[in-house]
Amino acid sequence: EMYPGKGLMVEYSHLPSVIWDVALPKHFNIKIDDEELEALNKATNVYSKATESDKTGFKEDTKEKHDIASESVKLAAENILGPLYNELQSMQTWLK
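### Thoughts on the pattern of salt bridges
Step number 1: As enumerated under the stated definition, the model contains three salt bridges in all.
Step number 2: A salt bridge links Asp61 to Lys65; the nearest nitrogen and oxygen atoms lie 3.3 Å apart.
Step number 3: The exposure class assigned to Asp61 is partly exposed, which follows from its relative accessible area of 23%.
Step number 4: For Lys65, a relative accessible area of 48% puts it in the partly exposed group.
Step number 5: Across the salt bridge formed by Lys63 and Asp67, the nearest N and O atoms sit 2.8 Å from each other. Of this pair, Lys63 and Asp67 both sit in helix α3 (residues 62-68), four residues apart, roughly one helical turn.
Step number 6: For Lys63, a relative accessible area of 60% gives the class exposed.
Step number 7: On the basis of relative accessible area, Asp67 is assigned to the partly exposed category, the value being 49%.

Here it is in structure tokens:
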């Protein structure tokens, strides 16, 4: 359940839209208007880790990183992190 003032588990892949679709209106009970939504959308189009002189858009690179990982790294991640990841996934009660 969602309890105002408590944490909200959100997987990275659901960002940024989960902020204005779920977190603000349903978790924090904050309503945003079209102008605010437009500002949020605009702000999310800039890669946060880019330098000031290079404010480019975010480039998804998850698949690229998975592709270059060795089989031993993939196996270790699956065996060690897999159960933890699944547990964290189950905490995303807003998806249910």
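### Let's talk about unusual backbone geometry
Step number 1: With an omega of 0 degrees, the peptide bond running from Leu15 to Pro16 counts as cis.
Step number 2: By the element assignment, Pro16 lies in the segment before α1 (17-27).
Step number 3: The backbone phi angle of Asn29 is positive, close to 55 degrees, even though this residue is not glycine.
Step number 4: With respect to the helices and strands, Asn29 occurs in the loop between α1 and α2 (34-43).

### As for the confidence of the model for the chain
Step number 1: Confidence in the prediction for the chain averages 85 pLDDT; 82% of positions are at 70 or higher.
Step number 2: Across the chain, helix α4 (residues 71-90) holds the top mean pLDDT of 94, while α3 sits lowest at 91.

### Describing a nonpolar patch on the surface
Step number 1: Residues Met9, Leu88 and Met91 make up a contiguous nonpolar surface patch of about 240 Å² in total accessible area.
Step number 2: Within the secondary structure, Met9 is located in the segment before α1.

### Considerations on α2
Step number 1: With zero of 10 residues buried, α2 is to be regarded as a mostly surface element.
Step number 2: Two to three positions downstream of the cap, the backbone nitrogen of Glu35 sits 3.1 Å from a side-chain oxygen, assigning the N-cap of α2 to Asp33.

### A closer look at a negative patch on the surface
Step number 1: On the surface, Asp33, Asp34, Glu35, Glu36 and Glu38 cluster together to form a negatively charged patch.
Step number 2: Of note, Asp34 is situated in helix α2.

### Considerations on α1
Step number 1: Those residues of α1 that sit buried are Val18, Trp20, Val22, Ala23, Leu24 and His27.
Step number 2: Considering only its buried residues, α1 is in contact with α2.
Step number 3: With its phi angle positive at about 55 degrees, Asn29 sits one or two positions after the end of α1.

Each value, and the rule that gives it
Residues numbered from 1 in each chain as written. Predicted model: local features only at pLDDT ≥ 70, side-chain atom pairs only at ≥ 80, totals over all residues. Heavy atoms only, no water. Salt bridge = Lys/Arg side-chain N within 4 Å of Asp/Glu carboxyl O. Buried < 20%, exposed > 50% of the residue type's maximum accessible area, 1.4 Å probe, protein only. Helix = DSSP H or I, 4+ residues; strand = E, 2+ residues; numbered from the N terminus. pLDDT = per-residue confidence, 0-100. Patch = residues over 30% accessible without salt bridge, like charges linked within 9 Å, V, L, I, M, F, W, Y side chains within 5 Å. Areas by Shrake-Rupley, 256 points an atom, 1.4 Å probe, with all protein chains shown as cover. Polar contact = N/O pair within 3.5 Å; in protein donor to acceptor, adjacent residues only side chain to side chain. Lys, Arg positive; Asp, Glu negative; His and termini not counted. Charge placed at Lys NZ, Arg CZ, Asp CG, Glu CD. Contact = heavy atoms within 4.5 Å.

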